[in-house]
Amino acid sequence: MPALVLLGAQWGDEGKGKATDLLGGSVDYVVRYQGGNNAGHTVVVGDQKYALHLLPSGILSPGCTPVIGNGVVVDPSVLLSELSGLNERGVDTSKLLISGNAHIITPYNVTVDKVTERFLGKRKIGTTGRGIGPTYADKINRVGIRVQDLYDESILTQKVEAALDIKNQVLTKLYNRRAIAVDQVVEELLGYAAKLEPYVADTVLVLNQALEADKVVLFEGGQGTLLDIDHGTYPFVTSSNPTAGGACTGAGVGPTKISRVIGILKAYTTRVGAGPFPTELFDEDGEALRRIGHERGVTTGRDRRCGWFDAVIARYATRVNGLTDFFLTKLDVLTGWEQIPVCVAYEIDGKRVEELPYSQTDFHHAKPVYEMLPGWSEDISKAKTFADLPKNAQDYVKALEEMSGAPISAIGVGPGRDETIEINSFI
Ligand code: GDP
Ligand code: IMO
Ligand code: MG
């Protein structure tokens, strides 16, 4: 019953796509359990580069069944264009399964996301504008549209009516926008029904039966721990639970089934959108990390904010996810610095603090306390084993492992599938 969760340990974009793809060859199912097309996962296979948003990164491994779980929010137009884009490149997507209980990102919720952000002005979250927050809000408010509703026109119409009753009031009276017609939305959604039907399944049953049959199931998180609606830097978060517990609710699998939780951890830190970020750099080092690490959003094309590694955050990720392993990515990007600062604690109002403060006010005031680690200048992109790394790179990894509270079981030294040092096997 090997069930693994793979998730982001920081603010997203840690390299989850690459890590999932790497394991894809040895697992039977890869399951997205939350988020939607706010995610942008880059996978490099040979000379081919794929940008995935909604599809699990296992879609690129022929033996693997990709699953979109009940906890995901699905924009049907994005999903269909992602599927046809892959088909045009010769990728077989016929095994995909989509939960009938997954919620649909309707066109009006994309509009609401964008106008809300505009209305917030300088207090905005910096969302991806993909309708994620409003769709999860509808789910919790019990006015959401689910994938299965596409197959009952009468229920679909009633639900769209119920949702738009309130939303049109808000759009016209508060945001000064035009009302959205129920018929138009229903017609658009019904247009997707037949195209999605071959994929729709009782994914909870499928996954539990697979686990009973001893198949290997990998749950792939979108976003990251610090973007979690409960455990992240609220309100500067996404509207779902990327943390490990989210895999259970978002896929319908009990916590007793999870055997391993792998945190993907970048060797430095990045963040997109607004919110606190203690180790953020505004100098040439930040610029260099952005340039060398190609730190630009896959979904929105925004420059990512860059900073040094933050061990306080890594420890927090270990705790709230019960991490058993880390996969450290992008170590190669740090090649060339004489000394590499690592944040080991915070100073908050003159006091040294070792753990992430629960208070938002304190976190906004947190100043990083740095320890300097010696850097290396050798090219590490061809390293295949830990011993191939220069001594200082080995010591950097060991120091991060010590501070972060879980073993580093793999190290990324380049974007390609094979540019990975495997230390402990995951499966
Ligand atoms: P995700 O959202 O967590 O899947 O991460 P993204 O795909 O948004 O961003 C990670 C970027 O880093 C992608 O462009 C990857 O191809 C790249 N990447 C992943 N691992 C490594 C690594 O070890 N070294 C380098 N240089 N790039 C990597
Ligand atoms: P992957 O899976 C990085 C950020 C947005 C914004 C906040 C809320 O590629 O790691 P949302 O549109 O979700 O309501 O935006 O969350 N965000 C991400 N940042 N990587 C992601 O996904 C993200 N998905 C959302 O920038 O700050
Ligand atoms: Mg990403």
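Because the structure is a prediction, the values reported are computed rather than measured. (Residues numbered from 1 in each chain as written. Chains lettered and ligands numbered in written order. Predicted model: local features only at pLDDT ≥ 70, side-chain atom pairs only at ≥ 80, totals over all residues. Heavy atoms only, no water.)

K.L.:
How should I be thinking about the pattern of salt bridges in this particular structure?
P.N.:
Close approach of charged atoms lets side chains of opposite charge pair. Inspection of every chain in the model, using the stated rule, returns 16 salt bridges. Close ionic contact of D21 with R417 constitutes a salt bridge, the shortest N to O distance being 2.6 Å. Within this pair, whereas D21 is found in helix α1 (residues 16–24), its partner R417 is found in the loop between β19 (408–412) and β20 (420–422), the two being separated by 396 residues in sequence. Given a relative accessible area of 2%, D21 falls into the buried group. Relative accessible area serves as the criterion here: at 30%, R417 is assigned to the partly exposed category. With a shortest N-O distance of 2.8 Å, E280 and R305 are connected by a salt bridge. With a gap of 25 residues between them, E280 in the loop between β12 (269–271) and α9 (284–292) and R305 in strand β13 (residues 305–307) connect regions that are remote in the sequence. Accessibility assignment for this pair places E280 and R305 in one class, buried. Taken together, the shared-partner salt bridges connect D13, K266, E295, R304 and K330 into one network. (Salt bridge = Lys/Arg side-chain N within 4 Å of Asp/Glu carboxyl O. Helix = DSSP H or I, 4+ residues; strand = E, 2+ residues; numbered from the N terminus. Buried < 20%, exposed > 50% of the residue type's maximum accessible area, 1.4 Å probe, protein only.)

K.L.:
Which parts of the structure should I look at to understand the site of ligand 1?
P.N.:
Around ligand 1 lies a shell of 19 residues, among which K16, G17, G40, T42 and D332 are the nearest. Within the side chain of R304, one N or O atom sits 2.9 Å away from an oxygen atom of ligand 1. Backbone polar atom of K330 to an oxygen atom of ligand 1: 2.9 Å apart, as the coordinates give it. When the free accessible area of ligand 1 is taken as 590 Å², the share hidden by the protein chains comes to 93%. Elements supplying a minimum of two residues to the shell around ligand 1: α1 and β3 (41–45). Per-element accounting of the shell around ligand 1 gives the leading share, three residues, to α1. Split by residue class, the shell around ligand 1 holds four nonpolar, eight polar and seven charged. (Near = heavy atom within 4 Å. Polar contact = N/O pair within 3.5 Å; in protein donor to acceptor, adjacent residues only side chain to side chain. Areas by Shrake-Rupley, 256 points an atom, 1.4 Å probe, with all protein chains shown as cover. Nonpolar A, V, L, I, M, F, W, Y, C, P; charged D, E, K, R; others polar.)

K.L.:
Hey, could you run me through the packing of aromatic side chains in this one?
P.N.:
Centre distance and the angle of the planes are the two values used to describe a pair of aromatic rings. The final tally for this structure, using the stated rule, is six aromatic pairs. When the centroid spacing of 5.6 Å and the interplanar angle of 85 degrees are considered together, the rings of W308 and W337 count as edge-to-face. Residue W308 is located in the loop between β13 and β14 (309–310), and its partner W337 is located in the loop between β15 (325–329) and β16 (339–348); the two are separated by 29 residues in the primary sequence. Residue W308 is classed as buried on the basis of its relative accessible area, which comes to 3%. Classification of W337 as buried rests on a relative accessible area of 13%. (Phe/Tyr/Trp six-rings, centres within 6.5 Å; stacked < 30°, edge-to-face > 60°.)

K.L.:
I tried to follow the nonpolar core on my own but got confused; where do I start?
P.N.:
In terms of nonpolar packing, the biggest core is built from 58 residues, with F219, L289, L331, L334 and Y396 touching the most fellow members. Top contributing element to this core by residue count: helix α12 (residues 391–404), with six residues. Ignoring anything within four residues of it in the chain, the contact list for F219 reads A3, L4, V5, L6, V31, Y33, A247, A251, V253 and I258. Judged by nonpolar contacts, the second largest core, of 35 residues, contains Y50, V91, L156 and A193. (Core = buried A, V, L, I, M, F, W, Y, C linked by side-chain atoms within 4.5 Å. Contact = heavy atoms within 4.5 Å.)

K.L.:
Looking at this model, I keep getting lost on the domain arrangement of the protein. Mind explaining?
P.N.:
Note: interface size is frequently given as the accessible area lost on complex formation between the parts. In terms of domain boundaries, the protein breaks down into domain 1 (3–91 + 202–422) and domain 2 (103–198). Relative placement of domain 1 and domain 2: their C-alpha centres are 29 Å apart. Of the residues lining the interface, 26 residues belong to domain 1; the matching set on domain 2 comes to 18 residues. Considering only the surface of domain 1 that becomes buried against domain 2, V73, P76 and L80 emerge as the three largest contributors, covering 29% of it. The interface formed by domain 1 and domain 2 holds zero salt bridges in total. Here domain 1 and domain 2 share eight residue pairs in polar contact (both at pLDDT 80 or more) between them. (Domains from an automatic or database assignment. Buried area = accessible area lost by both parts, 1.4 Å probe.)

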